[in-house]
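Chain and residue survey
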Amino acid sequence: MLTGVHLSSLVWQLLSMEWMGWATGAFRRHGGAAVRAVRRAWREPGRERDLMVQVGKAALAACVAWAVAGWWLQAPMAFVAPWVAVVLVESTVYRSLAHGLQQVAAIAVGTVVATCVALVLPSTMVAMVVVLPAVLLLAQWRRLGSQGIYAATGALFVLTNGEVSLATSGARVAEAVFGAVVGITVNALIRPPVYLRDTRAALTDAAREAQEILEAVADGLDDGEWDTHAAGEWHERALRLGHLVDQARSAIGWSRESLRGNHRRRGTTEAVCPPGKAYDDALAVLDHVAVHTAGVTRTVLEIVSDDGKAARPGPRIAGPYADFLRHTARAINLYGQTRLAGTDTEQPADGALREAVEELHRSLDELHRRLPGAVAGDSDALATHGALLAQARRLAGQLVRD
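Thresholds applied
- Residues numbered from 1 in each chain as written.
- Predicted model: local features only at pLDDT ≥ 70, side-chain atom pairs only at ≥ 80, totals over all residues.
- Heavy atoms only, no water.
- Helix = DSSP H or I, 4+ residues; strand = E, 2+ residues; numbered from the N terminus.
- Buried < 20%, exposed > 50% of the residue type's maximum accessible area, 1.4 Å probe, protein only.
- Polar contact = N/O pair within 3.5 Å; in protein donor to acceptor, adjacent residues only side chain to side chain.
- Phe/Tyr/Trp six-rings, centres within 6.5 Å; stacked < 30°, edge-to-face > 60°.
- Expected span 1.5 Å × (residues − 1).
- Core = buried A, V, L, I, M, F, W, Y, C linked by side-chain atoms within 4.5 Å.
- Contact = heavy atoms within 4.5 Å.

Take asparagine 187: it is sitting in helix 7 (residues 166-189). Asparagine 187 sits in the buried class, given a relative accessible area of 0%. At 2.7 Å, the side chain of asparagine 187 and the side chain of serine 96 are in polar contact.

Here you go:
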């Protein structure tokens, strides 16, 4: 018979075994992902290699700053230099410079305010009560941006480091300036980051996802798979497509910022097609595609739902509409190839795109011819399909540049 102690021990063993199993599984999953990321970084250029390079640069900047300030000059607050250097190896050269200026200014403001107050007030606690609210308010100054919090950090360094003097405070600001110079220099001179690859990948991913969604809906219409589960999955994917477009918009902003003050913009093959009007046009079209795709999947979901008021289209509409979706998917795929590929493939893809758009227009014309007879006497169905067709015609007009 189990006693209370034995029962508690058994429960604890079971919980321990369950936790160990969970921890082992999590370690295998995340460890495997980390190993694969390292292998990709070693084999080919990509996001993983960019991340590894940034990590190495940050470590190098910290070591250089410490070697000069701590080992060679033996500065009294030498740790400030590598600390500032490592945080200023930013994602772009422009951001390193901008944040470096803001961070040094914030540290200088906090250091000056704390030094002045500490020299007047004898008690560290009283000085902290007076200084911290003031510097935290100064940290909200718009010109300091996201680096304003370092004003409070600089003030705490002064107030918690024992004896306060003008010499030590000046040395602290000088070390922060030196660390900022090291971090910015390392980030600017040693393989400064360029995010054109990420931008192109984000736009390509959005175009590919839109193509796959439309093809899946077309196959469902042809096969008669008009169930709520499939339609719900299509609509969820269409809604996520909008997030992919937002990620592409953010990537374009990162790409433009990464080329500011970057000496690699002329020397790298990735900068052959910088994010200009072509990427802006692609983003505008993909944004429209996301809205159109969400509208199509929403209509299909409403049709198959139990309380949907829209009439289920018959074969005279379902078949041609599936063909239209396939033509749209092919045109989107070719549009991505035309706008995002290199110059060697742009002309052939552009010609194929125009042919695909012509087929798209013909499928729209066929739907227009069939629509009146297929939905005669049904004003709701006519309005629904008419709105989809008008939206599709506007989409087709954007797939080829003037």
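The discussion continues.
Glancing now at the packing of aromatic side chains. Geometrically, a pair of aromatic rings is defined through the distance of the ring centres and the angle of the planes. Enumeration according to the criterion identifies 3 aromatic pairs in this entry. Ring centres 5.6 Å apart and planes at 75 degrees place the aromatic pair tryptophan 83 and phenylalanine 157 in the edge-to-face group. In this pair, tryptophan 83 is assigned in helix 3 (residues 80-87) and phenylalanine 157 in helix 6 (residues 150-159), connecting sequence segments 74 residues apart. Exposure remark for tryptophan 83: the relative accessible area of 24% places this residue in the partly exposed category.

What follows is about helix 7. Here helix 7 contains 24 residues, and its C-alpha end-to-end distance of 34 Å stays within 8% of the 34 Å for a straight helix at 1.5 Å per residue. Where helix 7 terminates, the next one or two residues include arginine 191, which has phi positive at roughly 40 degrees.

The biggest cluster of nonpolar side chains holds 44 residues, and the ones touching the most others in it are Val217, Tyr321, Phe324 and Leu325. Setting aside chain neighbours within four positions, we find valine 217 in contact with Trp234, Val296, Thr297, Val300 and Leu325. With 12 residues, the next largest nonpolar core counts Met77, Val84, Ile107 and Tyr150 among its residues.

Remember that the coordinates give geometry; whether it matters functionally is a separate question.
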